[in-house]
Amino acid sequence: MAQDNNVVDYYDTIADEYDDSRFNNSYGRFIDYEERRILDELMKPSPDAKRLEMACGTGRLTNYATHALDASTEMMKHAQKRHPNVDFRQASAAETGFDNETFDTVYSFHLMMHLEPSLIKSIIAEAHRILKPGGRLIFDIPSKKRRQLLHHKQESWHGGTDLTKEEVLEMSKELFDLGSTHGIMLMPVHKLPTGMRKSMRKLDFSLANGCLKQYSSYLVFELIKR
């Protein structure tokens, strides 16, 4: 199964301006801050660990990886310049080409949300194949419960897939156990004045990982291979 061609073509087209348009602003830095806090917690330094980033894009979060892949050649060119010591491969996340039980951790951000559930299940199965026993799969997905609460429906494939915790566990139940869950962005950040956003990041992160976690904009799952 190949990576969805619409997604690949889209990211090939916007690769050169992706970082500036998505993350060189107060909203993008807000997301980046919270994602990095979670990864800093889950990806403690380990000199012997092999870590694969699926759909590395331009390499914004590739500093946590020893290996990385992306189906978009244009996005990956930027990642290779940023991280010359990482082993890169052009491949689909559903067909990585790596040997069985190669990695200690596989992680991916901003990928699953663009894909049909059937393709997400294929990627989960591929991650299981290439992970060592007890290895971890870490990924994010928009929270379906938040979107239902706000009566929000995404009309295009871009960020079009949302899931609940229960749905993620059902998708992966034969392969993984749940390690931990995390939330990203509980506040409606786009409605906050731009000058306030930086000062609100720590508070939002605390709220997004409290009792209202399921209503955060995004959920991050750490799954442990059985």
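Rules behind the numbers
Residues numbered from 1 in each chain as written. Predicted model: local features only at pLDDT ≥ 70, side-chain atom pairs only at ≥ 80, totals over all residues. Heavy atoms only, no water. Helix = DSSP H or I, 4+ residues; strand = E, 2+ residues; numbered from the N terminus. Rg over C-alpha atoms; globule rule 2.2 N^0.38 Å. Contact = heavy atoms within 4.5 Å. Areas by Shrake-Rupley, 256 points an atom, 1.4 Å probe, with all protein chains shown as cover. Lys, Arg positive; Asp, Glu negative; His and termini not counted. Charge placed at Lys NZ, Arg CZ, Asp CG, Glu CD. Pairing = 2+ DSSP bridges. Right-handed = clockwise from strand over helix to strand, strands pointing away. Phe/Tyr/Trp six-rings, centres within 6.5 Å; stacked < 30°, edge-to-face > 60°. Buried < 20%, exposed > 50% of the residue type's maximum accessible area, 1.4 Å probe, protein only. Lys NZ or Arg CZ within 6 Å of the ring centre and 35° of its normal. Axes fitted to C-alpha atoms, helices over the stretch in contact; angles between N-to-C directions. Parallel < 35°, antiparallel > 145°, perpendicular 65-115°, else oblique. Left-handed = near helix turned anticlockwise from the far one by under 90°. Nonpolar A, V, L, I, M, F, W, Y, C, P; charged D, E, K, R; others polar. Core = buried A, V, L, I, M, F, W, Y, C linked by side-chain atoms within 4.5 Å.

## Looking at the overall build of the protein chain
- Looking only at helices and strands, the protein chain features eight helices and seven strands.
- Radius of gyration (C-alpha) of the protein chain: 17 Å, near the 17 Å computed for a compact globule of 226 residues.
- The principal-axis extent of the C-alpha atoms belonging to the protein chain is close to 45 × 40 × 35 Å.
- In the protein chain, the proportion of contacts linking residues at least 24 apart, taken out of those at least 6 apart, comes to 73%.
- Carbon and sulfur atoms make up 49% of the accessible area of the protein chain, which totals about 10900 Å².
- Taking the 31 positively charged and 33 negatively charged side chains of the protein chain as two groups, their mean positions are separated by 6 Å.

## Topic: the pairing of strand S3 (residues 87-90)
- Across four bridges, strand S2 (residues 67-70) lies against S3 in parallel orientation. Of the residues in S3, the one forming a bridge with Asp70 is Gln90.
- The parallel pair S2 and S3, bridged by helix H4 (residues 73-82), forms a crossover whose chirality is right-handed.

## Here's the deal with the packing of aromatic side chains
- Under the defined criterion, the tally for this structure stands at six aromatic pairs.
- Measuring from ring centre to ring centre gives 5.9 Å for Tyr11 and Tyr18, while their planes differ by 70°; the resulting arrangement is edge-to-face.
- Assessed through its relative accessible area of 10%, Tyr11 is described here as buried.
- Among the residues examined, Tyr18 registers a relative accessible area of 10% and is labelled buried.
- Aromatic side chains Phe98 and Phe103 sit 4.9 Å apart centroid to centroid with 90° between the ring planes, which places their arrangement in the edge-to-face category.
- An aromatic cluster is present here, built from Tyr10, Tyr11, Tyr18, Phe23 and Trp157 joined pairwise through their rings.
- Over the ring of Phe23 we find Arg60; its NZ or CZ atom is 3.9 Å from the centre of that ring.
- Lying across the ring of Phe98, Arg89 places its NZ or CZ 3.9 Å from the centre.

## Observations concerning the packing of helix H3 (residues 26-42) against helix H8 (residues 194-208)
- Between H3 and H8, the least distance of the axes is 10 Å, while the angle of their chain directions is 30°. By the criterion of interaxial angle, the relationship of H3 to H8 is roughly parallel. The element H3 and its partner H8 pack so that their crossing is right-handed. Between H3 and H8, the residues in contact are Ser26, Tyr27, Arg29, Phe30, Tyr33, Glu34, Arg37 and Ile38 and Thr194, Arg197, Met200, Arg201, Lys202, Asp204, Phe205 and Ala208, respectively.
- Counted by class, the contact of H3 with H8 contains seven nonpolar, two polar and seven charged residues.

## Some points on the nonpolar core
- Ranked by internal contacts, the top residues of the largest apolar core, which has 59 residues, are Leu52, Met54, Val106, Tyr107, Phe109, Ile123 and Leu137.
- Broken down by element, this core gets its largest block of residues, six residues, from helix H5 (residues 117-130).
- Among residues more than four places away in sequence, those in contact with Val106 are Leu52, Met54, Ala127, Ile130, Leu131, Arg136, Leu137 and Ile138.
- In this structure, Ala68, Ala79, Val86 and Phe88 belong to the second largest nonpolar core, which totals six residues.

## Quick notes on unusual backbone geometry
- Positive phi values are uncommon outside glycine, yet Glu101 reaches one of about 55°.
- Unlike most non-glycine residues, His110 shows phi in positive territory, near 65°.
- The residue His110 is located in the loop between strand S4 (103-108) and H5 in this model.

Taken by themselves, the reported measurements are silent on function.
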